[in-house]
Amino acid sequence: MPLVPVREMLDAQRGQVLLWMPVFLGTGIGVYFSLKTEPSAVVLAGCAALMAINLLLAVLRRYGLAYLLLPLSLIAAGLLLATWRANDVAAPVLDWRYYGAVQGRVVMIDRSQSDVPRLTLDNVVLNDVAPHKTPTRVRVSLHGDQQYLTPEPGLTVMMTAHLSPPGGPVEPGGFDFQRMAWFQGLGAVGYTRTPALVLYPADPNAWDLVIYRLRMQISQGIQARIPGETGAFASAILTGDRSGIGQEALEDLRASNLAHLLAISGLHMGLLTGFVFAAVRMGIALIPPLAMRVSGKKIAAVVALIAATLYLGLSGGAVATQRAYIMVAVMLVAILFNRRALTLRGVALAAIIVLVLRPEALMGPGFQMSFAATTALVAVFSALRGWDYRLPRVIRPVFSVLASSAVAGAATAPFAAAHFNQVAHFGLLANLLSVPLMGSVVIPSAVLAAILSPFGLEWIPLWVMGVGIDWILFVAGWVASLDGALSRVPSPPDAVLPLLTFGAIFVILFRGLPRWIGVLPVIAAFALWGNVERPALLISESGGLIGVMTDQGRVLSKARGEGFVASNWLENDGDLVTQEDAAARGQIEQINLAQQVVLHRTGKAARTLPADCDGADWVIVNAKVEQPVDCTIIGPDSLKQSGAIAIYNPQAPRIVMARQTTGLRLWNKRQYDQPPPDLRTLTKAD
């Protein structure tokens, strides 16, 4: 490859500044979340000063220096933005286990992982807990007999519940639920096994719940018209309410790579606005006197934008929906100004807006997969612009569906595998059989139902919609049942997704032959992933569950209990088996680490551990040891300060604590309020 002068290479990048802005802004946000401590005032002041200098250079028209400093200024802006957001959402977090009366107003209804109703409450009142220590929001799963409560938004309910602080990662480097809960305003999570009761009815004048109440009313109306999983699916794609979908249907949709049809994202927003745009434009064209006097294209764009705005409000405004709405809005406004509608600039603008409003979205799979798919689709179809017109007219729609499904699937597959530890091998087949029906039957029927509902005729399009959804659910179940439909992959190291993302973005955005340098970090990312090392021993934060890696896979210490932790360990291993199957692989009697004997004791056996520790050097317990012992105890007190523990390489053990990977941040400083334990010298009971 001939050498390209630096000036010519940089000149080739003119006009790309906007496209790179969300990349560097996201880098700064990523830097914030990767820190082990909160950035100091000096660092924040330095970031602000750098941005001010860059702005001054731009005002003085020193554009060369301003452009050189722009990437650093955007990174600094991202760091400042994430810091501000993390402090702005600060709210009380419960820092002890609570059991007693809980009162609160229902502001969200969904289902837990164990497939029971789950309520998010605000205006929380806890017995004998001061208001300034009471969490702003709590989330409670409703187990047992709940015949006395039909959840609806705005109800003030009371119950006797177990609450605890949001938990940290189930293993070092794992998903940090504490961080997610912090940004959602959740100060405690828990469950009740006693009946929940209505204390006060919903206030119809509560303005903050008007939209949510409307969404739930529409959801209930849809499910009354279309019963079963079909109605629950319809409700999910129209209102964002997934509380009616059973776990079996969800698993089928995930295994067939059709779960994205439930997330109100670019596909749904594009299909809905596209249908409205085409219908309005065609309607105007059918009236010649009107078509001669007005721009049907622009009127259709305005009506489609109104429809998209209503759909955004109705759906609940998740990250993927916000991104899709911004993209559609940019596209429709471009039509109003006679500009090209679908470009990478629209994607970049949408990313900037989402990152400014919710910087924490960068760390979630919704943001990553949504923008990965959209960026790849726009880039590929821009490169192929005009090429598909060489195909016969009949084949063009087939080509578009096949190409879009393949491109979106390839773009999102690494992120789905990294976050969910699974690969759906027949996802392309399932999408080819489902997505065309989604666009031609399901979404148009939903629009017609909304139009006909004032006349009481919505049941006709809803019936048609149900037929289409039945087909999609059938395809999901059939594909999921195929041999080899799903496989698991281990969780990647932290560096994998940043390397993969930057490499792919560099290939797409950089102009000229040097763009292919971006392939190198992609190769490095997959190489790191392929050589990932899983822990030889995992210890849960409670001390009640351990997992030992063997040639047959991880062996768990118990078949039931701490199911969330167990399932996450197995998923992160890339293991398809259940907790019960993993426990049946063998019994964990003792573990040998570098000629040291490790035992696990729980309950009464932990409390009454003999002084000689049954000959062990280490003992992992989930209860207070009642007498001094001559061994190292890893128990509740030390685990509270260390978090979950992972031990690598039994011959030369390397101990990693969750606290080491998360650091001391705003969302966990209440838990880690003491120095971490030194497991090399800890010789006394907790």
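Here, the structure is the one placed above.
Let me sum up the structure you'll find in this document. (Residues numbered from 1 in each chain as written. Predicted model: local features only at pLDDT ≥ 70, side-chain atom pairs only at ≥ 80, totals over all residues. Heavy atoms only, no water.)

Within the protein chain one finds 24 helices and 17 strands. For 686 residues, the compact-globule estimate of 2.2 N^0.38 gives 26 Å, and the C-alpha radius of gyration of the protein chain, at 27 Å, lies within 12% of that figure. Put simply, the protein chain has 686 residues, and 46% of those count as buried. Put simply, 65% of the contacts in the protein chain that link residues at least 6 apart link residues at least 24 apart. Computed over 53 positive and 45 negative side-chain charges, the inter-centroid distance for the protein chain is 14 Å. (Helix = DSSP H or I, 4+ residues; strand = E, 2+ residues; numbered from the N terminus. Rg over C-alpha atoms; globule rule 2.2 N^0.38 Å. Buried < 20%, exposed > 50% of the residue type's maximum accessible area, 1.4 Å probe, protein only. Contact = heavy atoms within 4.5 Å. Lys, Arg positive; Asp, Glu negative; His and termini not counted. Charge placed at Lys NZ, Arg CZ, Asp CG, Glu CD.)

This part takes up the state of the cysteines. Summed over all chains, the structure comprises one disulfide. Cys613 shares a disulfide with Cys631; S-S distance 2.0 Å. Negative torsions about the S-S bond denote left-handed disulfides, and the value of about -75 degrees found for Cys613 with Cys631 makes this one left-handed. Of this pair, Cys613 sits in the loop between α22 (604-607) and β14 (618-621) while Cys631 is found in the loop between β14 and β15 (632-634), placing the two residues 18 residues apart along the sequence. (Disulfide = S-S within 2.5 Å.)

What follows concerns the pairing of strand β1 (residues 98-111). Judged from the eight bridges that link them, β1 and strand β4 (residues 156-164) form a sheet pairing that is antiparallel. Bridge pairing in β4 links Tyr98 to Leu163. Linking two consecutive strands that pair antiparallel, namely β1 and strand β2 (residues 117-126), is a turn of five residues; a positive phi of about 65 degrees is found at Asp115 within it. (Pairing = 2+ DSSP bridges.)

Glancing now at the nonpolar core. If you look at the biggest cluster of nonpolar residues, it comprises 47 residues, and the most contacted ones within it are Phe233, Leu258 and Met465. For this core, the elements supplying multiple residues, two or more each, are α7 (228-239), α8 (247-255), α9 (266-285), α11 (296-315), α12 (319-336), α16 (427-452) and α17 (459-481). In this view, Met465 contacts Ala234, Ile237, Leu238, Val442, Ser445 and Ala446; residues no more than four positions away in its chain are not counted. (Core = buried A, V, L, I, M, F, W, Y, C linked by side-chain atoms within 4.5 Å.)

Right, let's get into helix α14 (residues 365-383). Across its 19 residues, α14 extends 27 Å between first and last C-alpha, which sits within 8% of the 27 Å expected from 1.5 Å per residue. When we look at burial in α14, the residues that qualify are Phe367, Gln368, Ser370, Phe371, Ala372, Ala373, Thr374, Thr375, Ala376, Val378 and Ala379. (Expected span 1.5 Å × (residues − 1).)

Summarising the element assignment, Gly530 is placed in helix α19 (residues 519-530). On a C-alpha basis, the gap between Gly530 and Ala86 in space is 34 Å, while along the polypeptide they are 444 residues apart.

The next thing to look at is the sheet that holds β14. Across the sheet, which stays open at both edges, the four strands sit in the order β12-β13-β14-β15 with mixed pairing between neighbours. Each edge of the sheet is formed by a strand with only one pairing partner; in this case those strands are β12 (591-593) and β15. Sheet twist, expressed as the average angle between the axes of neighbouring strands with direction ignored, equals 25 degrees. Inspection of the sheet shows β12 paired to strand β13 (residues 596-601) by three bridges, in the antiparallel sense. Bridge pairing in β13 places Asn592 opposite Val597. (Axes fitted to C-alpha atoms, helices over the stretch in contact; angles between N-to-C directions.)

Another point: a nonpolar patch on the surface. Together, Leu513, Trp516, Ile517, Val519, Leu520 and Ile523 make up a nonpolar patch on the protein surface, roughly 600 Å² of accessible area in all. As for its placement among the helices and strands, Leu513 is situated in the loop between α18 (496-509) and α19. (Patch = residues over 30% accessible without salt bridge, like charges linked within 9 Å, V, L, I, M, F, W, Y side chains within 5 Å. Areas by Shrake-Rupley, 256 points an atom, 1.4 Å probe, with all protein chains shown as cover. Salt bridge = Lys/Arg side-chain N within 4 Å of Asp/Glu carboxyl O.)

To continue, consider the side chain of Thr273. Within the secondary structure, Thr273 is located in helix α9. At a separation of 2.7 Å, a polar atom in the side chain of Thr273 contacts the main-chain carbonyl oxygen of Met269. When residues no more than four places from it in sequence are discounted, the contact partners of Thr273 are Ala304, Ala308 and Val328. (Polar contact = N/O pair within 3.5 Å; in protein donor to acceptor, adjacent residues only side chain to side chain.)

With that out of the way, let us pick up the packing of helix α6 (residues 210-225) against α7. At their nearest, the axes of α6 and α7 sit 8 Å apart, and the two run at 150 degrees to each other. Classified by the angle their axes make, α6 and α7 are roughly antiparallel. Crossing geometry of α6 relative to α7 is assigned as right-handed. For the pair α6 and α7, contact is made by Arg215, Ile218, Ser219, Ile222 and Gln223 and by Gly231, Ala232, Ala234, Ser235, Leu238 and Thr239, respectively. Taken together, the residues of the contact of α6 with α7 break down into five nonpolar, five polar and one charged. (Parallel < 35°, antiparallel > 145°, perpendicular 65-115°, else oblique. Left-handed = near helix turned anticlockwise from the far one by under 90°. Nonpolar A, V, L, I, M, F, W, Y, C, P; charged D, E, K, R; others polar.)

Enumeration over the complete set of coordinates arrives at 15 salt bridges. Note that Arg534 and Asp573 form a salt bridge whose closest N and O atoms lie 2.6 Å from each other. In this pair, Arg534 is assigned in the loop between α19 and β9 (537-539) and Asp573 in helix α20 (residues 563-573), connecting sequence segments 39 residues apart. Here Arg534 and Asp573 have matching classes, each one buried. Its salt-bridge partner being Asp575, residue Arg585 comes within 2.9 Å of it at the nearest N-O pair. Placement of the pair is Arg585 in the loop between α21 (579-583) and β12 and Asp575 in the loop between α20 and α21, with a sequence separation of 10 residues. Residue classification places Arg585 among the partly exposed positions, given a relative accessible area of 27%. Residue classification places Asp575 among the buried residues on the basis of a relative accessible area of 15%.

Let us now look at the sheet that holds strand β10 (residues 546-550). Judged by pairing direction, the sheet is antiparallel, and its five strands sit side by side in the order β11-β10-β9-β16-β17 without closing on themselves. Since the sheet does not close on itself, it has two edges, and those belong to β11 (553-556) and β17 (654-657), each with one partner. Looking at each pair of strands side by side, their axes are set apart by 20 degrees on average, direction ignored. Strands β9, β10 and β11 of the sheet are contacted by α20, whose axis makes an angle of about 170 degrees with β11.

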